[in-house]
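Notes for the structure review
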Amino acid sequence: MLVEYREVFKKRHTFFPVIHVETENQAIRNTKIAEENGADGVFLINHRISHKELQKVYLAVRNQFPKFWIGLNFLDLQREHALALMPRDANALWADDGGVHEAPTKGLAPRHGEAKHFSKLLDRSRWKGLYFGGVAFKTQKHANEPALLARYATAFMDVVTTSGVSTGRAPDHEKIREMKDAIGQHPIAIASGVTPENVLGYTLHTDCFLVATGVSDSFTELNPNRVRKFADVLASA
C-alpha cells in the first residue's frame, strides 16, 4: 500500500469527474468546471490520444491548477509502463485491470501474481500517489465472486475500483454491497453509470465515485450544472 486513502481524504465520500482528454484547452476547460463546481479532483484519461500526448496535457493542466487533485489513466499502456511515466506530482494512477482474477477452478484462491508484482513496483517507485486498481471491472471477464476478488485486492491497491458491465451502466447494488462488506474500511470506488439521480443509492457502501457520462453533455465535455448537482447530492448524504 502506498498511501492510506483516509489520510488524503477526510470526508466520507469523494467525487472525481473523468475527463476524456482530446486537447490541452479542452482538458483545462473541463478541469476548471470540476474545480469550480464542487468536485474533489479529476481523472484525465486518453481514449483518442496517445500516452505521450496525455503526459503533455497533464503538464499543462497541472500548470493551471497546481494544487488541484489530478489522477491519470493511460488506457494504451500496461500498468508497469504507466507507472514509469507517472509525474511526481500526479495524485493518482488508475488501471482498469488491477491484476486480481478468478481462479480457473471454483474454490481456489484468486490469481493475484500480477497484482503482487505490481505492488512491489509501486513500493520501489519514486511516485507515491494513490493507486486505483480495477477489480471485477467492465473491461474484464465477468466475475462470479467479486467480493472474494475485492478482499484479495486490498493487499495490493489503495482503492478497489469496480464498475457496471459497460460504460454508462451502473453496477448492481448487491455486487457493491458484497464487495464493501468483504473489505470493510478499505475504500471502494465505482467507475461507471453513477449519476446525480442515482448516487444516493450507492453512498452507504461506496467511498469514491469516478464519473463521466453521468455529469457530461458529451463524450468530452462536462456539464457544470450536472457536476454541481452531483457534488451537492453527495454532500447531502
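Summary of the structure given here. Throughout this document, residue positions are counted from 1 along each chain, in the order its sequence is written. A pLDDT threshold of at least 70 governs which residues receive local features in this predicted model, and a stricter bar of 80 or more applies before side-chain atom pairs are shown or counted, although totals over entire chains, interfaces and linings include all residues. Hydrogens and water molecules were not included; the side-chain quantities draw on all heavy atoms of the structure.

**A closer look at the nonpolar core**
Under the convention used in this document: Definition used in this section: a nonpolar core is a set of buried Ala, Val, Leu, Ile, Met, Phe, Trp, Tyr and Cys residues joined via side-chain atoms within 4.5 Å. When a residue's accessible area, from a 1.4 Å probe over protein chains only, is under 20% of the maximum for its type it is buried; when over 50% it is exposed; and in between it is partly exposed. Contacts between residues were defined by any pair of non-hydrogen atoms, one from each residue, lying within 4.5 Å.
Of all hydrophobic cores here, the largest spans 60 residues; its most connected members are Phe15, Leu44, Val160, Phe209 and Phe230. Not counting residues within four places of it along the chain, the set of residues in contact with Leu44 comprises Ile19, Val21, Thr31, Leu54, Tyr58, Val61, Ile70, Gly71, Leu72 and Asn73. Residues Tyr5, Phe16, Trp69 and Leu210 belong to the second largest nonpolar core, which totals 18 residues.

**Considering the side chain of Thr195**
Basically, it comes down to this: Numbering of helices and strands starts at the N terminus; helices are DSSP runs of H or I of at least 4 residues and strands are runs of E of at least 2.
Mapped onto the secondary structure, Thr195 falls in the loop between β7 (188-190) and β8 (208-211). A residue is classified by how much of its surface remains accessible, and Thr195, at 18% relative accessible area, is buried.

**Considerations on the pattern of salt bridges**
This is how it is decided: The rule for a salt bridge is simple: a side-chain nitrogen of Lys or Arg has to be within 4 Å of a carboxyl oxygen of Asp or Glu.
A complete count under the given rule lists 14 salt bridges for this structure. A salt bridge links Arg79 to Asp97, with the shortest nitrogen-to-oxygen separation between them at 3.9 Å. On the criterion of sequence distance, the pair formed by Arg79 in helix α4 (residues 79-85) and Asp97 in the loop between β4 (92-95) and α5 (113-124) is long-range, its members being 18 residues apart. Among the charged side chains, a network of salt bridges with common partners joins Arg12, Lys180 and Asp207.

**Describing the sheet that holds β4**
Rule in force here: Strands are labelled as partners when DSSP assigns at least two bridges between them. Note on geometry: axes are C-alpha line fits, over the in-contact stretch for helices, and angles between N-to-C directions span 0 to 180 degrees.
Spatial strand order, β1-β2-β3-β4-β5-β6-β7-β8: 8 strands in a closed barrel with parallel pairing. This sheet shows a mean twist of 25° between the axes of neighbouring strands, independent of strand direction. Note: strand β3 (residues 70-73) against β4, 2 bridges, orientation parallel. Among the inter-strand pairings, Gly71 is bridged to a residue of β4, identified as Ala92. The strands touched by helix α7 (residues 173-183) within the sheet are β6 (159-162) and β7, with β6 carrying the most contacts at an inclination of about 165°.

**Examining the pairing of β4**
As a reminder, the rule being used: A crossover counts as right-handed when, viewed with the strands pointing away from the observer, the path leading from the first strand over the helix to the second turns clockwise.
Burial along β4 is two-sided: the residues Ala92 and Trp94 and Leu93 and Ala95 are all buried. Running through α4, the crossover from β3 to the neighbouring parallel element β4 is right-handed. In this sheet, strand β5 (residues 130-134) lies alongside β4 in parallel orientation, the contact comprising 4 bridges. When the bridges of β5 are listed, Trp94 appears paired with Phe132.

**Focus on the packing of aromatic side chains**
Within a pair of aromatic rings, the relevant descriptors are the distance that separates the centres and the angle that separates the planes. The condition is simple: Stacked, edge-to-face and tilted labels apply to pairs of Phe, Tyr and Trp rings (six-membered ring for Trp) whose centres lie within 6.5 Å, assigned for plane angles under 30 degrees, over 60, and everything in between, in that order. By definition here, charges over rings are those cases where NZ of Lys or CZ of Arg is within 6 Å of the ring centre and within 35 degrees of the ring normal.
Across all of its chains, the model carries 14 aromatic pairs by this definition. When the centroid spacing of 5.0 Å and the interplanar angle of 65° are considered together, the rings of Phe118 and Tyr131 count as edge-to-face. Of the two residues, Phe118 is situated in helix α5 and Tyr131 in strand β5; the sequence distance between them amounts to 13 residues. For the pair Phe118 and Tyr131, a shared accessibility class is recorded, and that class is buried. Here the aromatic cluster, defined as three or more aromatic residues joined through ring pairs, consists of Phe9, Phe16, Phe43, Trp69, Trp94, Phe132 and Phe137. Positioned above the aromatic ring of Phe118, the side-chain terminus of Arg79 is 5.9 Å from the ring centre.

**Focus on the packing of helix α2 (residues 24-36) against helix α3 (residues 51-64)**
The following threshold applies: Oblique is the label for any angle not covered by the other classes, which are roughly parallel (under 35 degrees), roughly antiparallel (over 145) and roughly perpendicular (65 to 115). The sense of a crossing depends on the near helix, which, turned anticlockwise from the far helix by less than a right angle, makes the crossing left-handed and, turned clockwise, makes it right-handed. Ten residues, namely Ala, Val, Leu, Ile, Met, Phe, Trp, Tyr, Cys and Pro, are considered nonpolar, four, namely Asp, Glu, Lys and Arg, are considered charged, and the remaining ones, Gly among them, are considered polar.
One way to put it is that α2 packs onto α3 with a least axis distance of 9 Å and a crossing angle of 40°. Classed by the angle they form, the pair α2 and α3 counts as oblique. For the crossing formed where α2 meets α3, the hand is right-handed. Where α2 approaches α3, its residues Glu24, Ala27, Ile28 and Thr31 are matched on the opposing element by Lys56, Val57, Ala60, Val61 and Gln64. The residue inventory of the contact of α2 with α3, partitioned by class, reads 5 nonpolar, 2 polar and 2 charged.

Scope: geometric values only; no functional claims are made or implied.
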